[in-house]
Amino acid sequence: MVHNVSNQHVYFMDKENTPVLTAESGDTLVYHTLDCFGGQITSEQQTVDELDWSILNPACGPVYINGAAPGDVLKVSIQSIEVDDHGTMACIPNEGLFAERMDHSLVRILPVKDGTVTFNDQISFPANPMIGVIGVAPAGEKIPTGTPGHHGGNMDNNKITAGTVLYLPVFQPGALLAMGDLHARMGDGEICDTGVEIAGTVTVQVEVIKGFTLSNPVLETKDTLYAVASEKTLAEAVKTAACDMAEIVMRKTGLALDQTNMLMSAVGNTEICQLVDPLITSRFGMPRTILGGLLD
Ligand code: CA
Ligand code: ZN
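Everything in this summary refers to the structure shown in the same document. (Residues numbered from 1 in each chain as written. Chains lettered and ligands numbered in written order. Predicted model: local features only at pLDDT ≥ 70, side-chain atom pairs only at ≥ 80, totals over all residues. Heavy atoms only, no water.)

With respect to the overall build of the chain
Part 1: Helix and strand counts for the chain stand at three helices and 23 strands.
Part 2: Computed over its C-alpha atoms, the radius of gyration of the chain comes to 19 Å, within 12% of the 19 Å expected for a compact globule of 296 residues.
Part 3: Taken over the C-alpha atoms alone, the chain extends approximately 60 × 40 × 35 Å along its principal axes.
Part 4: Of all 296 residues assigned to the chain, the portion counted as buried reaches 52%.
Part 5: Once local pairs closer than 6 in sequence are excluded, the contacts in the chain between residues at least 24 apart make up 76%.
Part 6: Summing over all exposed atoms, the chain offers an accessible surface of approximately 12,600 Å²; the carbon and sulfur share of this is 52%. (Helix = DSSP H or I, 4+ residues; strand = E, 2+ residues; numbered from the N terminus. Rg over C-alpha atoms; globule rule 2.2 N^0.38 Å. Buried < 20%, exposed > 50% of the residue type's maximum accessible area, 1.4 Å probe, protein only. Contact = heavy atoms within 4.5 Å. Areas by Shrake-Rupley, 256 points an atom, 1.4 Å probe, with all protein chains shown as cover.)

What follows is the structure, given as structure tokens:
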């Protein structure tokens, strides 16, 4: 069955959120999402201090998925991401990688047409629509939608695109899947604090996986399996993602840790998702030619 998800946006991933609707494992969900500014930016003359910061990073949903229970995994197959005809970027004073040199606000509105983002008269680039915020209700207290964690959330992982499969740990009955913060394009690191922020429509198929537990999200692209982890520092995020991947490699191949260590060192990649959200998110990727998918 196909469900439209559109009439509620939340600002926390929270077990107390009232679900917009209830779906069954196997159903298709169509999320209509706002941009991370909640549509507040309509002119390049605006500054970021005019924004209502309490409505940043709206996530559409959540949806209760029948049968999903703590300890399960929610498999989210991302079928399509359609984005609006313009995206927004902002530099925020004292934020981002150049925080101490960014003393002013800058807002840009960038046309997005036929798969191309126009930055200025000279510079344009292909869009690569991705989901910035996607997650379930966390185990404990509510977590702002702008923060990533074990539950997913604001991972800003530019590999979360159409055609990929995201596996999320389930912490609460029904999982409570919500998402938003699409980007027409974002580079690894998201160094100015924003990608090309954009509203749009995401179609996913959800499936509850029993008898399989994860502590952090796992992403499967056409050619790579990624463990995704968010921590206070880059070093910790890199290590957690690699440790999570080592568990997957050992489980799938039967190799001990020493050989797993070698294999990951030879063919695996440590990568950065984002540096600014306020935890750091890293992913460790292994080729599927060697490892296959998460569940096969
Ligand atoms: Ca984001
Ligand atoms: Zn964003």
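Notes on the environment of glutamate 231
Part 1: Secondary-structure assignment places glutamate 231 in strand β21 (residues 224-231).
Part 2: Between the C-alpha atom of glutamate 231 and that of alanine 241, which follows or precedes it by 10 residues, the distance is 9.6 Å.
Part 3: With residues up to four places along the chain from it excluded, the contact list for glutamate 231 reads Glu236, Ala237, Thr240, Leu279 and Ile280.

Describing the coordination of the zinc ion (ligand 2)
Part 1: Binding of the zinc ion (ligand 2) to the protein goes through Asp181 (OD), His183 (NE2), Glu197 (OE) and Glu197 (OE), at separations of 1.8 to 2.6 Å.
Part 2: Given four donor atoms and angles of 55 to 148 degrees at the metal, the environment of the zinc ion (ligand 2) is assigned as irregular.
Part 3: Within one chain, the residues donating to the zinc ion (ligand 2) are spaced in sequence as D-x1-H-x13-E.
Part 4: Metal-to-metal, the separation of the zinc ion (ligand 2) and the calcium ion (ligand 1) is 3.2 Å; aspartate 181 coordinates the two. Of this pair, histidine 183 sits in strand β17 (residues 175-183) while glutamate 197 sits in strand β18 (residues 197-198); the two residues are 14 residues apart in sequence, bridging distant segments of the chain. (Donors = N, O, S within 2.8 Å, 3.2 Å for Na, K, Ca; no water. Tetrahedral: all angles 85-135°; square planar, octahedral: opposite > 155°, others 65-115°.)

Quick look at the coordination of the calcium ion (ligand 1)
Part 1: Only Asn154 (OD1), Asp156 (OD), Asp156 (OD) and Asp181 (OD) from the protein coordinate the calcium ion (ligand 1), and they sit 2.1 to 2.5 Å from it.
Part 2: Sequence positions of the donors to the calcium ion (ligand 1) reduce to the motif N-x1-D-x24-D.

Section: the packing of aromatic side chains
Part 1: Across all of its chains, the model carries zero aromatic pairs by this definition.
Part 2: Here the basic side chain of arginine 101 rests over the ring of phenylalanine 98, its NZ or CZ set 5.6 Å away from the ring centre.
Part 3: Above the ring of phenylalanine 119, the side-chain terminus of arginine 108 is found at 5.4 Å from the ring centroid. (Phe/Tyr/Trp six-rings, centres within 6.5 Å; stacked < 30°, edge-to-face > 60°. Lys NZ or Arg CZ within 6 Å of the ring centre and 35° of its normal.)

Considerations on the side chain of threonine 221
Part 1: Structurally, threonine 221 can be placed in the loop between β20 (218-220) and β21.
Part 2: Residue classification places threonine 221 among the buried residues on the basis of a relative accessible area of 9%.
Part 3: Among residues more than four places away in sequence, those in contact with threonine 221 are Lys159, Thr164, Tyr226 and Arg288.

Let's talk about the nonpolar core
Part 1: Within the largest apolar cluster, 39 residues are counted, with the highest numbers of intra-cluster contacts made by Leu29, Leu74 and Leu177.
Part 2: With sequence-adjacent residues up to four places away left out, leucine 74 is seen in contact with Ile65, Val136, Leu166, Tyr167, Leu168, Val170, Ala175, Leu177, Val206, Glu207 and Val208.
Part 3: Counting residues in hydrophobic clusters, the runner-up holds 21 residues, among them Val73, Val165, Val218 and Ala229. (Core = buried A, V, L, I, M, F, W, Y, C linked by side-chain atoms within 4.5 Å.)

Concerning the side chain of glutamate 197
Part 1: Comment: no salt bridge for buried glutamate 197; closest opposite-charge side chain is arginine 185, at 13 Å.
Part 2: Among the polar contacts listed, one links the side chain of glutamate 197 to the side chain of histidine 183, at a separation of 3.0 Å. (Lys, Arg positive; Asp, Glu negative; His and termini not counted. Salt bridge = Lys/Arg side-chain N within 4 Å of Asp/Glu carboxyl O. Polar contact = N/O pair within 3.5 Å; in protein donor to acceptor, adjacent residues only side chain to side chain.)

Considering the pattern of salt bridges
Part 1: Scanning all chains against the criterion turns up six salt bridges.
Part 2: The closest approach of N and O atoms between arginine 283 and aspartate 188, which form a salt bridge, is 3.0 Å. Of the two residues, arginine 283 sits in strand β23 (residues 280-287) while aspartate 188 sits in the loop between β17 and β18, which places them 95 residues apart along the sequence.
Part 3: By relative accessible area, which is 1% here, arginine 283 ends up buried.
Part 4: Arginine 283 serves as the salt-bridge partner of glutamate 271, at 2.6 Å between the closest nitrogen and oxygen. Taken as a pair, glutamate 271 in strand β22 (residues 269-274) and arginine 283 in strand β23 lie far apart in primary sequence, 12 residues in all.
Part 5: Connected via shared salt-bridge partners are Asp188, Glu271 and Arg283.

Taken by themselves, the reported measurements are silent on function.
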